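Structural characterization, general
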Amino acid sequence: MAKKRFYITTPIYYVNDKPHIGHAYTTIAADVLARWHRLEGDEVFFLTGTDEHGAKVAQSAEELKKTPQQLCDENSKKFKQAFKNLNIDYSYFIRTTDQRHKEAVAKFMQKLWKNGEGDIYEGTYEGLYCTGCENFLTEKELIDGKCPNHLKAPEKIKEKNYFFKLEKYLPQVRELIEKDEIKIRPEDKKKETLGLFKQGLEDFSVSRERVKWGIPLPFDQSQVTYVWVEALQNYISAIGYGDNQKEFEKWWVETGPLHLMAKDILKFHCVYWPALLLAAGEKPPKEIFVHGFFTINGQKMSKSLGNVIDPEELVKKYGADATRYLLLAQFPFGQDGDIKAEKFDEQFNADLANGLGNLVSRVLNLVVKYNESKVPERDDSTFFVDKTGMMTISVKNGIVGGLSGTTAGGVWYMLDKLINRFDFSAAIDIIMQRVIKPCNQVIDNSKPWETWKTDKASWEKLMYTLLEVIRHMGWMIRPFMPNTSDEIFKQLGIPKEGQKILNAETMKWGGLPPGTKIKKGKILFPRM
RNA sequence: CGCGGGAUAGAGCAGCGGUCAGCUCGUCAGGCUCAUAACCUGGAGGUCGGGGGUUCGAAUCCCCCUCCCGCAACCA
């Protein structure tokens, strides 16, 4: 666990929509990674924010009789609030209407333009324009050749646009991806990206003439920068591009970003963005991780189907910690997965109430009942072996173990490996299978409710071990469930624990001082 | 042949060349009573979508087929 820097981003979310479960999912994952790295002592910059320009926002604002800026302010606030409710600890929340971002974009675009010598050229954009929407529509959006909102056929219109010479950079970007210098994960998403190259990619327009709500091109004020092109630049404007070279060097050049996102915006991030950066003379992103989509009860999540899950409802029902846990536990992070509302209740009860919560409760209760709430003396000579002969909880080497045949420290080792591989659901499973389950087994086999009377020495060994395992577990779940982690430490009587950093010292066996007065508190997760 | 993914116990998922194919939920039968009607033990339940091949050995690699799903400039 070397001390290093970690720069992680989520996409910035389009304010024309209120936060839904997908936004929450990506952001929670990013937060877990950020927290994990902070625990390891890394210096972390975790960026998220809102994307606020474009015709759609302007249009919605008009319908609501508001200025675009008003609408953006309101909706951006909703995202901030949603993230606060989910206990997201970002370093910086960028808004593309921030002055700083606008200036950075102007500088970036100017660099691409280079007084007409650069990689931007004038061209014509032709599309189907609906005067009602004041927007271009795609063929796909039309119903019977008509705009679905205004029920009339759009006109074919041409406008002057500036285009980016994407084709010039394609070979270079492709090579960078192939060599993993832009590391796209999971592997199948890398394949999918390379597939895009095979299918052919064309230069794309970077400006809009008719759209007013946006950032003007520095070299042609009559045009506004295409939202996507400008939005991508948040990743550099937020860390000082153009106005704080030192910070920019530190995070972009020396550290390099990990862009986290869902697969729908793969092309923008894996192709367009690196190409734009290269054209501007900047380093391409270091790593891009693309996760999957939800389906709800087997159906695609969409507003028109009305099956969108509001993260607020989940938080209201389960609390922030459990919501974070449940979302990440559903399926492997890199893949698509189906979500069913009943499954949340099911897993909440199984893992959190009956598993984690009940374990903490039963262990602390034994201490309250049979040892006057005091942590017993420590005894490292014991280790417990379950029926199959697997070493389940080992204090032999002073560290929590948990896997047959592996060295002590197995659980920590695996957790670190899995989280760094973005395999959150597997990491969660390790905690359930290798920590909580063995503890329950050991308790049942050892019958501490009898031995406190008949064999106090072995009772103490057992109980110290269990309490110390719970302390470790408090650390293990910390990135996923920070509040619960705090609460566990508090109940163990060591509230300061949560302020420490995870390292060889805190991970060592025996961090819980014997004699500590535990404070059995509220039930962590009341059953649904 | 547009690109990509998937098909494994009743349900949801892991495994991706080699211990009896695992886990969670459900189900059946026991046990325990410290705990949030919780926990523990055991059982039933799978010819790993179909066919062919490679291999000493395949759910795992290759080929073909069937069926689902996503993407192809709104949207995590």
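For clarity, every value in this text was computed on a predicted model and none was experimentally measured.

**Regarding the sheet that holds strand S12 (residues 257-262)**
Strand pairing in a sheet takes place through backbone hydrogen bonds and is either antiparallel or parallel in direction. What the 6 strands build is an open sheet, ordered S3-S2-S1-S12-S13-S7; its pairing is parallel. Of all the strands in the sheet, the pair left with one neighbour each is strand S3 (92-95) and strand S7 (183-185). For this sheet, the mean inter-axis angle between neighbouring strands, taken without regard to orientation, is 20°. With 3 bridges joining them, strand S1 (residues 5-14) and S12 adopt parallel strand pairing. Bridge pairing in S12 places Tyr7 opposite Pro257. Helix H9 (residues 245-255) contacts S1, strand S2 (43-51) and S12 of the sheet and is inclined by roughly 100° relative to S1.

**Some points on the protein's contact with RNA strand B**
The environment of RNA strand B is made up of 54 residues, and the closest members are Thr26, Gly357, Asn358, Arg362 and Gln441. What you see for RNA strand B is that sugar and phosphate hold 75% of its atoms within 4 Å of the protein. Measuring from a phosphate oxygen of RNA strand B, one finds a side-chain N or O atom of Asp264 at 2.9 Å. Contacts to RNA strand B include Gly357, whose backbone N or O atom sits 3.1 Å from a base oxygen. Broken down by secondary-structure element, the contributors of at least two residues to the surface near RNA strand B are S1, helix H1 (21-39), helix H6 (187-199), helix H13 (341-370), helix H15 (424-446) and helix H16 (448-454). At 13 residues, the largest contribution of residues to the surface near RNA strand B is made by H13.

**Digging into helix H2 (residues 55-63)**
Taken together, the buried positions of H2 are occupied by Ala55, Val57, Ser60 and Ala61. Immediately beyond the C-terminal end of H2, within one or two residues, lies Lys65, with a positive phi of roughly 60°.

**So, the packing of aromatic side chains**
Aromatic rings in a pair are described by how distant their centres are and how their planes are angled relative to each other. The full count for this structure, using the stated rule, is 33 aromatic pairs. Ring plane angle 85° and centroid distance 5.2 Å describe the contact between Tyr162 and Phe219, whose orientation is recorded as edge-to-face. Pair noted here: Tyr162 is in strand S6 (residues 155-164) and Phe219 is in the loop between strand S10 (216-217) and strand S11 (220-225), with a separation of 57 residues, a long-range link. Overall, the relative accessible area of 18% leaves Phe219 in the buried class. Aromatic side chains Phe164 and Phe204 sit 5.6 Å apart centroid to centroid with 55° between the ring planes, which places their arrangement in the tilted category. Taken together, the residues span a long stretch of sequence, with Phe164 in strand S6 and Phe204 in strand S8 (residues 204-205) at a distance of 40 residues. When its relative accessible area of 0% is taken as the criterion, Phe164 is described as buried. Relative accessible area serves as the criterion here: at 9%, Phe204 is assigned to the buried category. Taken together, the ring pairs connect Tyr7, Phe45, Phe108, Tyr235, Tyr241, Phe248, Trp251, Trp252 and Trp273 into an aromatic cluster. Arg208 extends its terminal NZ or CZ atom over the ring of Tyr226, reaching a point 4.2 Å from the ring centre.

**Some words on the environment of Lys111**
Tracing the chain through its elements places Lys111 in helix H4 (residues 99-113). Counting along the chain gives 107 residues from Lys111 to Pro218, while the straight-line C-alpha distance between them is 9.8 Å. In this structure, Lys111 is in contact with Tyr241, Ala280 and Glu282, ignoring residues within four places of it in sequence.

**Notes on the pattern of salt bridges**
Across all of its chains, the model carries 30 salt bridges by this definition. One salt bridge in this structure joins Lys18 and Asp310, with 3.7 Å as the shortest N-O distance. Highlighted residues: Lys18 in the loop between S1 and H1 and Asp310 in the loop between strand S15 (299-300) and helix H11 (311-318), separated in sequence by 292 residues. Across the pair Glu159 and Arg210 runs a salt bridge, and its minimum N-O distance is 3.2 Å. Linking Glu159 in strand S6 with Arg210 in the loop between strand S9 (207-208) and S10, this pair joins segments that are 51 residues apart in sequence. Note on Glu159: relative accessible area 2%, which makes it buried. One network of salt bridges, with partners in common, ties together Arg5, Glu43, Lys250 and Glu254.

Rules behind the numbers
Residues numbered from 1 in each chain as written. Chains lettered and ligands numbered in written order. Predicted model: local features only at pLDDT ≥ 70, side-chain atom pairs only at ≥ 80, totals over all residues. Heavy atoms only, no water. Pairing = 2+ DSSP bridges. Helix = DSSP H or I, 4+ residues; strand = E, 2+ residues; numbered from the N terminus. Axes fitted to C-alpha atoms, helices over the stretch in contact; angles between N-to-C directions. Contact = heavy atoms within 4.5 Å. Near = heavy atom within 4 Å. Polar contact = N/O pair within 3.5 Å; in protein donor to acceptor, adjacent residues only side chain to side chain. Buried < 20%, exposed > 50% of the residue type's maximum accessible area, 1.4 Å probe, protein only. Phe/Tyr/Trp six-rings, centres within 6.5 Å; stacked < 30°, edge-to-face > 60°. Lys NZ or Arg CZ within 6 Å of the ring centre and 35° of its normal. Salt bridge = Lys/Arg side-chain N within 4 Å of Asp/Glu carboxyl O.

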